[in-house]
Amino acid sequence: MKNKNPNAEHVWKQFEDLLVPRLRLSITDRAVYSHLLRHSRLEGKRRLRFSISWLARGARLCTNSARWALRRLIGHGVLRLLERSKAGHVVEVRLPDEIRATRHRKTRRRDARPRPRCLDFEEDFLKSRALRRTIHVRERGRCFYCLRRLTPLIRCLDHVIPRVSFGSNSYRNLVSCCLQCNSQKRDRPAGDFLRWLYRQRRLTDAELTARLRALDALVSGKLPPPLLRKL
Ligand SMILES: [Zn+2]
């Protein structure tokens, strides 16, 4: 995706004056963000595909530090994780102006009216019971993976991309599923788990195809929970 190059001077002032103090970014977070910003937005690209080793080398960090900084930046909404696979990470790199923590306070000072709530990809859907419930409602009482009918006793929420692999608590990464699928999936990718269910004959051919399609739709944000549809 090509975008107009931002004004680098403005971006850097916003980065130093607003983003760093408001999010309390550490030296490593700053190094990682600067490096990613340099190779994405300052090249006119919103999205960037890269490997952890490339990032660590470029920011002069060890791979673990780079990985943790990346995780923190995703958590702050500075980066949006679009894909994580063997080929590397794909993130959307946000400019300071585009980050909620920076933007909100600036707007509030000028305009005290309450802001309308809008669909937020990064909202933490585990933070309240009402939000967790919307994920169960979206799946309409069926396990997202094996399609078994769920009752409150056997249902739970599962991270499609596990927390350990930077999976967020966004509605694009949470599904309602049965306890059995939740424990059998563990940290494997959701697509692999669905194929495993098919080999176990717990899904038919047609169901597998439909589930993989639903998984694609989920990850790309096309399955917002009902609460958000109304807003
Ligand atoms: Zn299940």
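Let me begin by describing the structure that accompanies this report. The residue count restarts for each chain, going from 1 along the sequence in the order it is written. Given that the model is predicted, a residue must reach a pLDDT of at least 70 before its local features are reported, and side-chain atom pairs must reach 80 or more before they are shown or counted; all residues, however, enter totals for whole chains, interfaces and linings. Excluded from the side-chain calculations are hydrogens and water; all other atoms, namely the structure's heavy atoms, are used.

1. Observations regarding the sheet that holds strand β3 (residues 88-93)
- Pairing between strands is defined by DSSP: at least two bridges between them are needed. Here a strand is any run of E in DSSP of at least two residues, a helix any run of H or I of at least four, and the numbering for each starts at the N terminus. Pairing within the open sheet is antiparallel, and its three strands lie in the order β1-β3-β2. In this open sheet, the two edge strands, each paired with only one partner strand, are β1 (47-50) and β2 (79-85). Ignoring strand direction, the axes of neighbouring strands in this sheet form an average angle of 20 degrees.
- Here four bridges tie β1 to β3, and the two strands are oriented antiparallel to one another. When the sheet's bridge partners are listed, Phe50 is paired in β3 with His89. Only the contacting stretch of a helix is used when fitting its axis, a line to C-alpha atoms as for every element, and angles between N-to-C directions run 0 to 180 degrees.

2. Concerning helix α9 (residues 205-219)
- Expected helix span is computed as 1.5 Å times (number of residues minus one). Over its 15 residues, α9 extends 22 Å from the first C-alpha to the last, a length consistent with the 21 Å expected when each residue adds 1.5 Å.
- Of the positions making up α9, those classed as buried are Leu208, Arg211, Ala214, Leu215, Ala217 and Leu218.
- Whether two residues are in contact is decided by their heavy atoms: any pair within 4.5 Å suffices. As for α9, its buried residues are in contact with α6 (129-138), β5 (174-178) and α8 (190-199). Between buried and exposed lies partly exposed: a residue is buried under 20% and exposed over 50% of the maximum accessible area for its type, with that area taken using a 1.4 Å probe on protein chains only.

3. Describing the environment of Arg46
- By the secondary structure assignment, Arg46 is in the loop between α2 (27-39) and β1.
- Arg46 sits 45 residues away from Val91 along the chain, and the two C-alpha atoms are 8.4 Å apart.
- Pairs of N or O atoms within 3.5 Å make up the polar contacts considered here, provided that, within protein, one atom can donate a hydrogen while the other can accept it, and that residues adjacent in sequence are counted only when both atoms are side-chain atoms. Here Glu92 takes part through its side chain, which lies 3.5 Å from a polar atom of the side chain of Arg46.

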